[in-house]
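Letter by letter, the chains look like this.
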Amino acid sequence: MTRLSITPSGPINGEIPIPGDKSITHRAVIFGAMAEGTSTIRGYCDGEDCFRTISAIRALGISIEERNAELRVFGKGSWGFSEPQHVLDCGNSGTSMRLLTGLLSGQDFFSVLTGDASLRQRPMGRIVTPLRQMGATINGRKGGELAPLAIQGTRLRKTSHTSPIPSAQVKSAILIAGLLAEHPTTFCEPARSRDHTERMLQYFGVQLECKSDTMIHLHPSALTARDLTVPGDFSSAAFFIVAGLILPDSSITIRNVGLNQTRIGLLDILKTMGASLQTLDIHDDAGEPIGDIHIQSSHLEGAEIDPKDMLRAIDEFPILCVAAAFAKGQTRITGMEDLRVKESDRIATMAKALGRVGVDVDERPDGLVIHGGTQLRGAECPSYGDHRVAMAMAIAALKASEATTLTNIDCIQTSFPSFLNELRQIAPTCHVETS
Ligand code: S3P
């Protein structure tokens, strides 16, 4: 169990390299495998979650080479997979489990997916129910609500599915299964979740119509192998964006970050809180907008957060809570019940973590009210096994009154293995020690 000790820091300055986008990497690997031919993926996310998808795809008989910071996926077409000889372990990765369940539901063989203790508690009924309606036989604990999931795939039927929750993982599982179905699939959700799957499927040559922000119509078709460069992960950049804002006299730039509107709600939220943020050089690559972000330290003020913006910042909740702790006045985040079933119950874990360092927080069933602007103290704080909680609290520690010790921080490997190195580079006045 790795511990991290962080002393408070002075200003941070310079450029920060960010790993490739985790969501886009998962999709690039899966779609590369479903295409016929070789797809080269540059700038991929080297976090553990993406390696779970890579090893599962390898166990399904697809060769993937890692060379010179590139992945080469030797796809064999949508039905080129073979029955895995063993259980596929998705580790901590909800995206691996949910997207692969969609893929495996349409294959003519048996497979089993499992994960770590956190993933085995996360809701799977949201994908299992519609995939069963498409014809797959899926069994799991609690009637299929919890993994391990045992899947007997089949040739899937057409579906029209309306998801009760906005979720890119649900949408992607159904669209991937839809690629393997006999007839077109229509998918609707109550609000638009991240749209990387739609963009990348079109890039891989699939016929897909976005009838509106929340309704997609997909025609089952073959994927064409493509090369792509994965943009930097906005969700990883978010930690350093907030660090740059809260540490006085800081000025930092993050280059080549994904700036997809369905992901960057945090920028809009922070701007309403008074943040000085600029996006520059925005251009499109492989169907995704990319650009640079320039951040200057700012005096933040508390705000009432619009749930629509928060949906576009779903993974940024922990670091937004840290920004709110340093903002003057009250910040209220509501309407976000689904945060309770992420890698941890993020509403509860952030309330506990902030409470430990002296922040006044009220926990609500669907969010938090944070009374910001008081000096944070140093304390010992666990990561609760959640990579984003660990990194958010590491950033909070940069501006506490004394040293902070974070325990069980190995989970940072999930999405951002170089996080501590980057922290050491840009915050030379701060002491970062692991043991
Ligand atoms: C993801 C979708 C989101 C997000 C997760 C990654 C994806 O989950 O929280 O970290 O890659 O599709 P939900 O679809 O459950 O909202």
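Structure report, in brief. (Residues numbered from 1 in each chain as written. Predicted model: local features only at pLDDT ≥ 70, side-chain atom pairs only at ≥ 80, totals over all residues. Heavy atoms only, no water.)

1. So, the pairing of strand S10 (residues 159–162)
Side chains of S10 alternate between two faces, with Thr159 and His161 buried and Ser160 and Thr162 left unburied. In this structure, S10 lies alongside strand S11 (residues 185–188), joined through 4 bridges in parallel fashion. Directly across from Thr162, in S11, lies its bridge partner Cys188. In this region the chain leaves S10, passes through helix H6 (residues 168–179) and returns to the parallel neighbour S11; the handedness of that crossover is right-handed. (Buried < 20%, exposed > 50% of the residue type's maximum accessible area, 1.4 Å probe, protein only. Helix = DSSP H or I, 4+ residues; strand = E, 2+ residues; numbered from the N terminus. Pairing = 2+ DSSP bridges. Right-handed = clockwise from strand over helix to strand, strands pointing away.)

2. Looking at the pattern of salt bridges
Any two side chains of opposite charge can pair if their charged atoms end up close together. In total, this model carries 28 salt bridges according to the counting rule given. Residue Arg192 is joined to Asp195 by a salt bridge in which the shortest nitrogen-to-oxygen separation is 3.5 Å. Accessibility expressed as a relative area gives 32% for Arg192, which makes it partly exposed. For Asp386, the salt bridge goes to Arg346, with nearest N and O atoms at 2.8 Å. With Asp386 in the loop between strand S22 (380–382) and helix H13 (387–397) and Arg346 in helix H12 (residues 346–356), this pair connects stretches of sequence that are 40 residues apart. Overlapping salt bridges, with partners in common, bring together Arg194, Asp315, Glu343, Arg346, Asp386 and Arg388 in one network. (Salt bridge = Lys/Arg side-chain N within 4 Å of Asp/Glu carboxyl O.)

3. Here's the deal with the sheet that holds strand S15 (residues 251–258)
An order of S2-S15-S17-S16 is seen for the 4 strands of this open sheet, with the pairing classed as mixed. Only two strands of the sheet have a single partner each, and these edge strands are strand S2 (13–15) and strand S16 (276–285). Recorded for the sheet is a direction-independent mean angle of 15° between the axes of neighbouring strands. The sheet strands contacting helix H8 (residues 234–246) are S15, S16 and strand S17 (288–296), and the helix crosses S15 at an angle near 165°. (Axes fitted to C-alpha atoms, helices over the stretch in contact; angles between N-to-C directions. Contact = heavy atoms within 4.5 Å.)

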